[in-house]
Every structure is written in structure tokens, then in C-alpha cells.
Amino acid sequence: RSQKRAPFRPASPPAKLPRRGAHRQVATMYLGQQSWHQQEPPKGKGKDWSKGKDQGKGKGKGKDWGQQQQSWGQQQQWSQPNGGAVGEVGQAQKIRISGCRQEVVGPIIRGEYTMSQMNHGKPAYKKEAQGANGLMVMIYFWDERDGPAASGWWIGPAIGGNMVWGHHSNRTSATPPTTGWQAPHSSPADPSMVVSAVGSPMPMGAPAGVGGPPRPGQPGLMAQQQAQQAKIQAQAQKIAEQKAQQEQLRLKSEAEAKQKAVEMKKKQGEQQAAMAIRKDIMKLRALTPENFEKLAEELAVTMGTEFEKCGSLQSSIQTENDKALAASKEKVEQIIEMRKKNEERLKEMEKTREEAREKATELLAELGLLVEAAEKAATAFGERVKSLSEKSLLTESAVNTACSKVEGEAEAFLEKAKAALDFIKEKGSEIKAAPPVASKKDNKDKDAEAPPNLQQLSAKAGATKNSIAKDLKMVKTLQTKLLSKAVASEVMKKMKGVFTKYDKNKDAVLDRKEIAALAKGEYKFTVPEDSLDLIFKAIVGEGKGVKADDFHRLICAVGVARERSKDQERKAEREQGEAELAEAKKKVQDVIDEVGAALKAASADVTELGNQTRSLPKDGKEMTSQAILARAADLEASVKAAGVKAKVVAEQAEKFGCDEVEKGLEKWVNAEKARMSNSAKTLDAQISKAKTAVSTFKDQGAKKDAAEVKELGAKAMKRLRAALAEKKVTPLELFKEVVGSKETISKEAYVAFVGKLPKAAGEKEDETLSDEDLARAFAVLDEEKTGGVPSETFV
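Thresholds, definitions, all that
- Residues numbered from 1 in each chain as written.
- Predicted model: local features only at pLDDT ≥ 70, side-chain atom pairs only at ≥ 80, totals over all residues.
- Heavy atoms only, no water.
- Helix = DSSP H or I, 4+ residues; strand = E, 2+ residues; numbered from the N terminus.
- Buried < 20%, exposed > 50% of the residue type's maximum accessible area, 1.4 Å probe, protein only.
- Contact = heavy atoms within 4.5 Å.
- Areas by Shrake-Rupley, 256 points an atom, 1.4 Å probe, with all protein chains shown as cover.
- Salt bridge = Lys/Arg side-chain N within 4 Å of Asp/Glu carboxyl O.
- Phe/Tyr/Trp six-rings, centres within 6.5 Å; stacked < 30°, edge-to-face > 60°.
- Lys NZ or Arg CZ within 6 Å of the ring centre and 35° of its normal.
- Pairing = 2+ DSSP bridges.
- Axes fitted to C-alpha atoms, helices over the stretch in contact; angles between N-to-C directions.
- Arc of directions from axis to C-beta.
- Parallel < 35°, antiparallel > 145°, perpendicular 65-115°, else oblique.
- Nonpolar A, V, L, I, M, F, W, Y, C, P; charged D, E, K, R; others polar.
- pLDDT = per-residue confidence, 0-100.
- Patch = residues over 30% accessible without salt bridge, like charges linked within 9 Å, V, L, I, M, F, W, Y side chains within 5 Å.
- Lys, Arg positive; Asp, Glu negative; His and termini not counted.
- Charge placed at Lys NZ, Arg CZ, Asp CG, Glu CD.

1. Here's the deal with the overall build of the protein chain
Thought 1: For the protein chain, the count of helices and strands is 17 helices and 15 strands.
Thought 2: Per-residue burial for the protein chain yields a buried fraction of 33% across its 795 residues.
Thought 3: For the protein chain, contacts bridging at least 24 residues in sequence account for 62% of all contacts bridging at least 6.
Thought 4: For the protein chain, the exposed surface amounts to about 49,500 Å²; the carbon and sulfur share of it is 54%.

2. So, the pattern of salt bridges
Thought 1: Going through the model one piece at a time under the given rule, you end up with 31 salt bridges.
Thought 2: Of the charged contacts in the structure, one is a salt bridge between Lys698 and Glu636, with a shortest N-O distance of 3.4 Å. Of this pair, Lys698 sits in helix H13 (residues 666-727) while Glu636 sits in helix H12 (residues 625-655), and the two are 62 residues apart along the sequence.
Thought 3: Note on Lys698: relative accessible area 36%, which makes it partly exposed.

3. Brief notes about the packing of aromatic side chains
Thought 1: One pass over the full model with this rule turns up 4 aromatic pairs.
Thought 2: Arranged with centres 5.5 Å apart and planes meeting at 90°, the rings of Phe499 and Phe551 form a pair that is edge-to-face. Of this pair, Phe499 sits in helix H7 (residues 454-502) while Phe551 sits in helix H10 (residues 551-614), and the two are 52 residues apart along the sequence. There is no split in this pair, since Phe499 and Phe551 are both buried.
Thought 3: A cation sits over an aromatic face here: Arg145 above Trp142, 5.8 Å from the ring centre.
Thought 4: Here Arg512 stacks its cationic end above the ring of Phe536, 5.5 Å away from the centre of that ring.

4. Some words on the sheet that holds strand S5 (residues 94-98)
Strand pairing within a sheet occurs via backbone hydrogen bonds; the two strands may be parallel or antiparallel.
Thought 1: Spatially, 7 strands are ordered S10-S9-S8-S7-S6-S5-S11 in an open sheet, and the strand pairing comes out antiparallel. Of all strands in the sheet, those with a lone pairing partner are strand S10 (166-168) and strand S11 (194-197), marking the two edges. Mean inter-strand twist for the sheet, computed between neighbouring axes without regard to direction, equals 30°.
Thought 2: Alignment of S5 against S11, held across 4 bridges, turns out to be antiparallel. Its bridge partner being in S11, Ile97 is matched across the sheet by Val195.

5. As for the pairing of strand S6 (residues 111-119)
Thought 1: When S5 meets S6, the two strands line up antiparallel, connected through 4 bridges. Bridge assignment links Arg96 to a residue of S6, and that residue is Glu112.
Thought 2: By the bridge criterion, 6 bridges tie S6 to strand S7 (residues 122-127) in an arrangement that is antiparallel. Residue pairing for S7: Gln117 is matched across the bridge by Ala124.
Thought 3: In textbook terms, the turn of a hairpin is the stretch between consecutive antiparallel strands, and for S6 and S7 this stretch comprises 2 residues, one of which, His120, has a positive phi near 55°.

6. Describing unusual backbone geometry
Thought 1: Each neighbour pair has its own omega, and for Ala183 with Pro184 the value is 0°, a cis peptide bond.
Thought 2: Positionally, Pro184 belongs in the loop between S10 and S11.
Thought 3: The phi torsion at Cys100 lies on the positive side, around 70°, for a residue other than glycine.
Thought 4: Residue position: Cys100 is located in the loop between S5 and helix H2 (105-109).

7. Describing the environment of Val198
Thought 1: You can see Val198 is positioned in the loop between S11 and helix H3 (219-283).
Thought 2: Remark: the alpha-carbon pair of Val198 and Tyr113, spanning 85 residues in sequence, is separated by 9.1 Å.
Thought 3: Filtering out sequence-adjacent residues up to four positions away, Val198 remains in contact with Lys94, Ile95, Arg96 and Glu112.

8. Examining helix H14 (residues 731-739)
Thought 1: Looking only at H14, the buried set comprises Leu734, Phe735 and Val739. Looking straight down H14, one finds its buried side chains confined to an arc of 115°; they lie on one side.
Thought 2: Tucked into the core, H14 has its buried residues touching H13, strand S14 (744-746), helix H15 (747-756), strand S15 (788-790) and helix H17 (791-794).
Thought 3: Gly740 sits one or two positions beyond H14 and adopts a positive phi of about 75°.

9. Brief notes about the packing of H13 against H14
Thought 1: Where H13 contacts H14, the two axes come as close as 10 Å, and the packing angle between them is 100°. Considering the angle they form, H13 stands roughly perpendicular to H14. Each of Leu720, Leu724 and Lys727 in H13 lies in contact with H14, whose residues at this interface are Pro731, Leu734 and Glu737.

10. Concerning H15
Thought 1: Within H15 the residues assigned to the buried category are Tyr750, Val751, Phe753 and Val754.
Thought 2: In this structure, the buried side of H15 is in contact with H13, H14, S14, helix H16 (771-781) and H17.

11. Structural notes on the packing of H7 against H10
Thought 1: Put simply, H7 and H10 touch, their axes get as near as 10 Å, and they point 80° apart. Looking at the two axes, H7 sits roughly perpendicular to H10. Mapping the contact onto sequence places Met495, Val498 and Phe499 in H7 and Phe551, His552 and Ile555 in H10.
Thought 2: A breakdown of the residues in the contact of H7 with H10 according to their chemical character gives 5 nonpolar, 1 polar and no charged.

12. Side note on the environment of Pro528
Thought 1: In this fold, Pro528 is placed in the loop between helix H8 (512-523) and helix H9 (529-540).
Thought 2: What makes Pro528 partly exposed here is its relative accessible area of 30%.
Thought 3: Considered as a pair, Pro528 and Ser565 are 37 residues apart in the sequence and their alpha carbons are 8.7 Å apart.

13. As for the confidence of the model for the protein chain
Low pLDDT means the predicted atomic positions in that stretch should not be read closely.
Thought 1: On average, residues of the protein chain carry a pLDDT of 78, and 82% of them reach 70 or more.
Thought 2: The spread of mean pLDDT over the elements of the protein chain runs between strand S1 (residues 24-30), the lowest at 29, and strand S8 (residues 138-142), the highest at 95.
Thought 3: In this model, residues 437-441 is a region of pLDDT below 50 whose contacts with residues beyond four sequence positions or in other chains number 5 contacts.

14. Observations regarding a negative patch on the surface
Thought 1: Taken together, the side chains of Glu348, Glu355, Glu358 and Glu362 make up a negatively charged region of the molecular surface.
Thought 2: In this structure, Glu355 sits in helix H5 (residues 314-390).
Thought 3: Judged by its relative accessible area of 46%, Glu355 is partly exposed.

15. Remarks on the side chain of Asp471
Thought 1: Following the sequence through the fold, Asp471 ends up in helix H7.
Thought 2: Buried charge without a partner: Asp471 forms no salt bridge, and the closest opposite charge is Lys470, 6.7 Å away.
Thought 3: What Asp471 contacts, discounting residues up to four positions off in sequence, is Ala378, Phe381, Gly382 and Val385.

Written out as C-alpha cells, the structure is:
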């Protein structure tokens, strides 16, 4: 039953009585009709008015006025003349809801309703029988107090409830509208739903059964009317009591609100006063012994002006004030004690620092002596290395001995530099406590130099070590240079001996014959005549031969001539190797060309085969099964032939390069072999693709052939059965007619017999069964392929 709920609406208060002095509606009974009139209540005493004060402006007493005017006054907002406006149910005591096509809401709201009370100045109706699932159903009006969207006529289980089943947005009708209802309330209007009055309409302005003063001659109506008047008077009294209770509640609520406002204002004043005091209390958190008295005085002044305003907070504020002052005094004492301890600690630290300074000064002086000794050692080692470079050492042994001696002395010099650095490493932390070097401006003796500090001494010690290491490295460099000079000296000495050896005539020059002997004896090389001519032209010139001073040039020239001769020999060898390599490459190329030709031929066949198989799926749709199978057989033969060629090519490509290949051709041969192998693989893939296409084509033909044979068999069987019907014989008798005493019928006999039979009913004129068609149809009967069909399967 879930329905969309209307916005929340509070329960409806009792309908209010008319304002004092307002016009009231009075019912007057006439013979044959009822009507409503707006008129002033009578003043003073009257014949038919009951005793009691009038609720209007006049003060009169009447027999029926006091009892009926309250009830009729409540009805003034929903009464309409002539029983209600067009499209409304009018002043009916009972109404009925019919129609409503909604399958859930319809059973709940359909039925008869009785007017039970007033709500927001208009009548509310209650369903006489409970709705589906025992629900109470009400029809009531709700004004615009919750907004226009929540106003109008509603159908729900309770007045003002959250759950509703139907709605009508008309806010001007005095009674429920008859059509245009929405059920459920969120759906469009249901044209089948109708609200109508049950029986005769009520008197306008009063519930059913109350029709004003009785007409003469109707005593029964008088008793009924008095009972209704008593009921209405009870309702009016209940409404008056509810109104009095509401007024009392309103006055009580207003008094409580005023009391709360006074208490709130008083509480705010107390909080402001407490806040001012707490603000000064907070200042004590930043106190010092110097400002404590000032802050305490400010707090005392604030307490004197604001404490009385704290009211109920005085106790807590006083406690906070006492605690804050006590804590502040304690804090001041702690600060003073802490300052005293800090002063004592600073004095002790100063004493310790002074002792550290004195110790550091002593260590710094000791380090200065170590650094000075290291600097002297570095200077002495530098002089020693310098003297080594100035010596003239002509042999390798002399050079190595002198350099080794200097390197051995370097160890002693490095030890002094290392001693200074080790001292810094061990005592550096203590020396760092030394006082800084006094500047000349602050020094009383302006001409005296400031003693070096740890940083300066560390730099000097490091520089000393680096200087010794640099000089030691220079020893290595000097040793290399001296060895080179010694070697060169020995070479020159050896060359001089060679010159003397081959200067046979002792003329201090080497002539052509002596140069040739030198080349032959020392280098095993015969100098060509043209090379001798070049040597003499470049070195000797117009002289007789090569002098001792030019002997080194001669050696170089002989070496150049020897390399030139070797180059010529290598060139000849290279040219011979290239010729041999070209011959070998030609032989390999012949093999490559042979395999390439076979590969090209096979590739052409495979390409043609691919062109033929590419259109097979399309061609198969238009060809007969026999044509498909014949073409498939031809293509299978072509595929097989192409496969043989491709296999031969692949074998040739695989064998290529297996024999010993000339050095220098390996890379080229391997590349050609890979190319041929790839081509052979491509051919194999194309053949496999063609083979698959042919196989698929063949399967297509086989399926088509099976369908055609089945159809031919059916046509032949149709003719046989037609012959049975025409001759009026049994299948066995027809079989005996064809084969005689034989047990089976052969294919030839079957074709000959069926071919002579006339067409069966339903066959087209252009349909024929050739001998070939009947032979294929016979295959349907001869499933075991024995060549004969028994009588059981003949027809």
C-alpha cells in the first residue's frame, strides 16, 4: 500500500467560534422549503429564545437561540445556498466514493462516509466501514497554513497525517468536489472516481437532522431536533473548553518565554563579567618576577568591579582566582630559583671553559712545533729531488739506484708530516676549545703577530704532506726521463758500433755497398737499387756516402724501404687471394642461380594455384556437385605437383652452404641461404593455404552431391510408386517383373527400368532423369556398395 506522503501537517485544532460581534447565520424554517439568511441576532427577550447571554453584540434571551447558534456559527464557513455549488457534494450528511481504477488505493477509499467534525472551517467525513486491512479513512480540508501545495481536499487515515491516498487541489469549494480527484495523490486525475451525496441534502448551515424551528403539525420532528440540539450544545461546550485550555497554554508559554529571556539576559551578564575576570587570569600565564605585582594588581581591580556581576558564577570565579594567584606565586618562586641555579651553572661552565682554553693553548703550541718540523722536512726533501734532476746518469742501473735512494728518504720525511696530522686527529677536539686569535687592532703589541690557530696549523700540516707526496711523484717522473736518456745513450753507443762495424774502408762514411751489407746483415733485407738511389739522393747528396751523424736517418730509410717491399709482397698476396675468392664466389653464385630458378618456377605455379583457389567459394554456389568434385580433383593434382616442386626447392636451399666455404664468403653465403629458406617457407605456407581451400571446396561438393543424390533418389522412388499404383501390383511383384528370378537388381537394370517409367504426378515438364542421374539415385539404395539392391529396398 505504499503511497507518496504529503508534507507533514500538524493535527487540526478545534474549529474556532465566531468572533465577538460578528454576524451569525440563523436558520429559519418556512413551509415547503429551507433557506439561510445573514441577519443580526435579536436583542432583548424573545418568544422562542432560551435564557442566557447572547454571543453576538445583542444581549437577549430566547428559547432556541443559545443552544443552536454555536453549532450553526461553526458551519458558516462551509454552508452554501441550495445544497452546494456546481461540482460539489453540498451539505450532505453522508457521501459516497465510487470508481477509482487504482488497484491498491481503490479498495481502501471506495464506500460511504459520514460527516464527523469540522476542520479548517469545512466538514470532515469518516468512512463508516473500515478500509482494506482495517484502516480508518477520512475526507478533510486543509488550508494554506503549510503552503499552497499542501492545501486542498485530502483522503487519508487521519486528519493532518503524513500518509494520504487521494487529493483535490480545489481550495474554494465549501464541500468535497465531485470529480477531478487524484488517487493516488501524486498521479493524474482519475475520471472514473466520483464523490456524490447519499440521500437528500442537509439543511444549509447545519448537520443533517437540524433544520431550524419545526413546522406546525410535526411533533416527531421536534423531538429529533431537540436531541440534535443537545448534541450540538455538547460539542460547542467541548470546543469552548478546548479553546480555554489553549488560551491557558498560550499564556503559560508566553510567561515561560519571558522568564527564560530574563534569565538568559542575566546569565549573559554573568558570563561577560566572568569573561573579563578570566581574561586577567589568563594574563598570569605570561608572568615574570618583574611584572607579577602589576598583573596581580590588575586582576584585583577587575575582581573589585566585576565580581558582584558574576552572580551564580561567583563561587567558581573565586576558586579560579585563588588558584591562579597561588600558582603564580609558586611560579615566581620557581623562576627565581631557576635563575639562581643558572647563574651558578654558568660560573661552573666558565671555569671549565677556562681550563679547556689553557689546555688547548698548550696543545696548540706542541702542534706548532710538530708542523714546523714537518715543513723543514718537506723543504729538505724538495732540495733532494732537485739535486737528482741535475745529476748526469748515463746507465739504467745508475738511474734506478739514485731514484730508489731518494724514495727511501721520502719515508722519513713523510713520518714527520704524519706525526703532525695524527696529533691533530687525536687532540683536535681539545684544541678547538682554544680562544680565537686576537686581531692586531685588539692586541696591545700591534707589531706582534697573532699565534696560528688549529685551522691554520692543520692546513700547513696537510700542505706539508702534499708537498712531500708531490715531490715523491716527481721522482717517478724524473726516473722515467733519466731512463729514457740512458737508453738513448746506449742506443746511440750501439748505433755507433754498428756504423763502425760496416765501415769497412774506415773512411767515416757508408757507401752503397756498405749500406747494402748493413741491411742484409742487420735486417735480413736486400735493398733494391731504386731504394738505394732514393737514400743517396735524400741523405748523401753529392757526398761519397752516409756520415755517422746521418746514420739514424739511414736506419729509418732502410726501414721504410723494407716496409715498401713488404707492402708490395702483401699486395700481390691480396690480389691473388681476391682472384681466388672471386672464382669461388662465381661457383657459389651458379648454385644460387640454379636454386633461384627452381624457386621462381615453383613460385609461379603456387601463385597460379592461389589465383585458382581464391574464387572457389563463389564458384561452388553456381556449380553442380559433379563439376565441383571434378574441379577439386584437378586442383588436388595441381597442389600435389606444386608441393613436390616446393619440397625440392626447400631441400636445395637446406643443402646450400653445407660444403666448406672460402674464408670471406661465409657471411654472404649465410645471407643467401636464409633468403632462399624464407622463400621456401613462404611457398610451403601458400601451398598449405591452397590445400585447405581445395579441401573445403571438395567438402562443399560432397555435401551438394549428397543432397542432389537424395533428391534424385526421391524422384526415382516417386516414379516407382506411381508405377505400382498404376499397375496395381505389390512392390515384390514389380521387382519380379524387372529381374525375374534374381534376388537383387543391378544398377544397369535399375537405370533401364526406371528410365522407361513415365513422369509421376507433380513433376514439371522440363524435369528429366538421365541415365547418369538414375545411376546416382541407385547409390542411395545400394548403401553397402554391393552393386545390387534386394527387393526390400527396391521400393
